[in-house]
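# Structural description and commentary
Chain residues, written in single-letter form:
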Amino acid sequence: MADKETVIGVETRISGEIRGDEDLVVKGRVDGKIHLSQALTVEKGAIVQADVDVRTLVVAGTLVGSIVASESVHLQPTARVVGDLASPRVMMEAGAAYRGRVDMGEVEAARAAVASRAVAKPAASSSEAAKTRPAPPRVAATPRTVAPVASTTKIAPRFVAPPAGDRTAAAPVSAPPAFPRVAGAANSAAPAWAKKKIRRR
Amino acid sequence: MANTVIGSSIVIDGEITGEESLTILGTVKGKISTAQSVVVEAAATVEADVDAQTVLISGKVTGNVTAREKLELRPEAKMVGNAKAPRIVVADGATFKGNVDMDV
């Protein structure tokens, strides 16, 4: 494994596909697809518009796309996430903004579903729709087969934030208890909709 | 130091653009464009056109490389493609195939 972890810096943008077997930290921007056997961390100020298939996912920034995490998903207070989510363990902290469907059951089934949907009709997949920015994500990734239960307020009680000890244990590899980067400057890179539209509902 | 690092087990297929330095230990296919330096480490493989201020190659690069300041091929470097830079350094042991344009 690498002696350095992989970091996509603040001023860097990648469009395309990223695959690998090590931890990835995104501070800048990634559009496309991310497929890792390890952890993905989307830091505060980072923007990821991609279908994500990883082991553990920690989000403090903005993420739009279908998410499959074979181990856990941790949405930190500054997270803004739009897209369906499949993972056996899901943690959402107070302040995190999320819209989409959550599936805490069979990850493999969800993974297959995402894959087949991407092949069958890419134009209709949530991530493709989301790419037509600056249309607000409200229209983008909302496969409302479930009645409007998708409201954050209604889902919230189901996801109880675990005690601090458990939280750190859940994201063993790449999640430092506190993110080193400070709020402010970097966040200005986020598009306007990422800052307000989700909140406004 | 490098702000963006592509680790040894990472494969990127697409385009990397940025304003900061980039260190590659893994594989990148597509296109690389940055305002700062690009470092291709010894075990790295790059199949991409590279556009940067300075480019330092110790690994394997296939593609056209444009450096606004300097291109350096280290002894372990293997490069196939056209090189364009005002200053080009090729170390003893480096292999290179392609055109050189130093804008003279």
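A quick note: this is a predicted structure, and the numbers were derived from the prediction, not measured.

### Quick word on the overall build of chain B
Helix and strand content of chain B: zero helices and 13 strands. Along chain B, from the amino end to the carboxyl end, the secondary structure elements read β-β-β-β-β-β-β-β-β-β-β-β-β. When burial is assessed residue by residue, chain B has 40% of its 104 residues classed as buried. At a minimum sequence separation of 6, the contacts of chain B that also span at least 24 residues come to 2%.

### Description of the overall build of chain A
Summing up its helical and strand segments, chain A has five helices and 13 strands in all. A separation threshold of at least 6 residues defines the contact pool for chain A, and within that pool the share at least 24 residues apart is 34%.

### Here we look at the nonpolar core
A:Leu40, A:Leu57, A:Val59, A:Leu75, B:Ile24 and B:Val50 are the most contacted members of the largest nonpolar core, which totals 69 residues. Among the elements that make up this core, the one with the highest residue count is strand β6 (residues 47–59) of chain A (eight residues). With residues up to four places along the chain from it excluded, the contact list for A:Val59 reads A:Val42, A:Leu75, A:Gln76, A:Ala79 and A:Val81.

### Remarks on the confidence of the model for chain A
Note that predicted coordinates carrying low pLDDT should not be read in detail. Residue and element names in this part refer to chain A. Looking at chain A as a whole, the pLDDT averages 72, with 55% of positions reaching at least 70. When pLDDT is averaged over each element of chain A, strand β7 (residues 62–64) comes out on top at 97 and helix α2 (residues 126–131) at the bottom at 42. Below a pLDDT of 50 lies the segment residues 121–161, which in the model reaches 61 contacts outside its immediate sequence neighbourhood of four places, other chains included.

### What about the interface of chain B and chain A?
Listed per partner, the contact involves 22 residues of chain B and 23 residues of chain A. Only β1 (4–6) and β2 (11–18) of chain B provide two or more residues apiece to the side of chain B that touches chain A. The biggest single contributor to the side of chain B that touches chain A is β2(B), with eight residues. Residue composition of the side of chain B that touches chain A, by class: eight nonpolar, ten polar and four charged. With eight bridges joining them, strand β2 (residues 12–20) of chain A and β2(B) adopt antiparallel strand pairing. Looking at β2(B), one finds that A:Arg13 is bridged to B:Thr17.

### A closer look at the environment of B:Ala48
Residue placement: B:Ala48 occurs in strand β6 (residues 45–57). The sequence separation of B:Ala48 and B:Asn64 amounts to 16 residues, and the corresponding C-alpha distance is 7.3 Å.

### Brief notes about the pairing of β2(B)
As judged from the eight bridges shared by β2(B) and strand β4 (residues 27–34) of chain B, these two strands associate in the parallel manner. Residue pairing in the sheet places B:Thr17 in a bridge with B:Ser33 of β4(B).

### Concerning the environment of B:Ala44
Residues and elements named next belong to chain B. Within the fold, alanine 44 resides in the loop between β5 (37–40) and β6. C-alpha separation for the pair alanine 44 and isoleucine 57, spaced 13 residues apart in sequence, amounts to 9.3 Å. Setting aside anything within four residues of it in sequence, one finds alanine 44 in contact with Ile24, Leu25, Gly26 and Gly59.

### Points about the pairing of β4(B)
By the bridge criterion, seven bridges tie β4(B) to β6(B) in an arrangement that is parallel. Bridge pairing in β6(B) places B:Ile32 opposite B:Val50.

### Overview of the environment of A:Thr78
Residues and elements named next belong to chain A. Tracing the sequence through the fold places threonine 78 in the loop between β8 (67–75) and β9 (80–82). Threonine 78 sits in the partly exposed class, given 19 other C-beta atoms within 10 Å. A C-alpha to C-alpha distance of 9.1 Å links threonine 78 and glycine 45, two positions 33 residues apart in sequence. Other than its neighbours up to four places away in sequence, threonine 78 contacts Lys44, Ala60 and Gly95.

### Remarks on the confidence of the model for chain B
All names here are of chain B. Per-residue pLDDT for chain B has a mean of 94; in total, 97% of the residues score no lower than 70. Element-level pLDDT for chain B is lowest in strand β13 (residues 100–101), with a mean of 92, against a maximum mean of 97 in strand β7 (residues 60–62). Both scores are given for the predicted complex: the pTM is 0.67, the ipTM 0.85.

Calculation notes
All residue numbers refer to position in the chain's written sequence, counted from 1. To read the labels, note that chains go from A and ligands from 1, taken in the order they are written. Under the rules for a predicted model, residues below a pLDDT of 70 receive no local features and side-chain atom pairs below 80 are neither given nor counted, while totals for whole chains, interfaces and linings still include all residues. Comment: elements are numbered from the N terminus, with helices defined as DSSP H or I runs of at least four residues and strands as E runs of at least two. Residues with at least 20 neighbouring C-beta atoms inside 10 Å of their own are called buried, those with 12 or fewer are called exposed, and the rest are partly exposed, where every C-beta is derived from the backbone. Once C-beta atoms are placed from the backbone, any two residues with those atoms within 7 Å are in contact. Here, a nonpolar core means buried Ala, Val, Leu, Ile, Met, Phe, Trp, Tyr and Cys residues linked by C-beta atoms lying within 7 Å of one another. Confidence per residue, as judged by the predictor, is encoded in pLDDT with a range of 0 to 100. Classification convention: Asp, Glu, Lys, Arg as charged; Ala, Val, Leu, Ile, Met, Phe, Trp, Tyr, Cys, Pro as nonpolar; all other residues, Gly among them, as polar. Paired strands, in this sense, are two strands between which DSSP finds at least two bridges.

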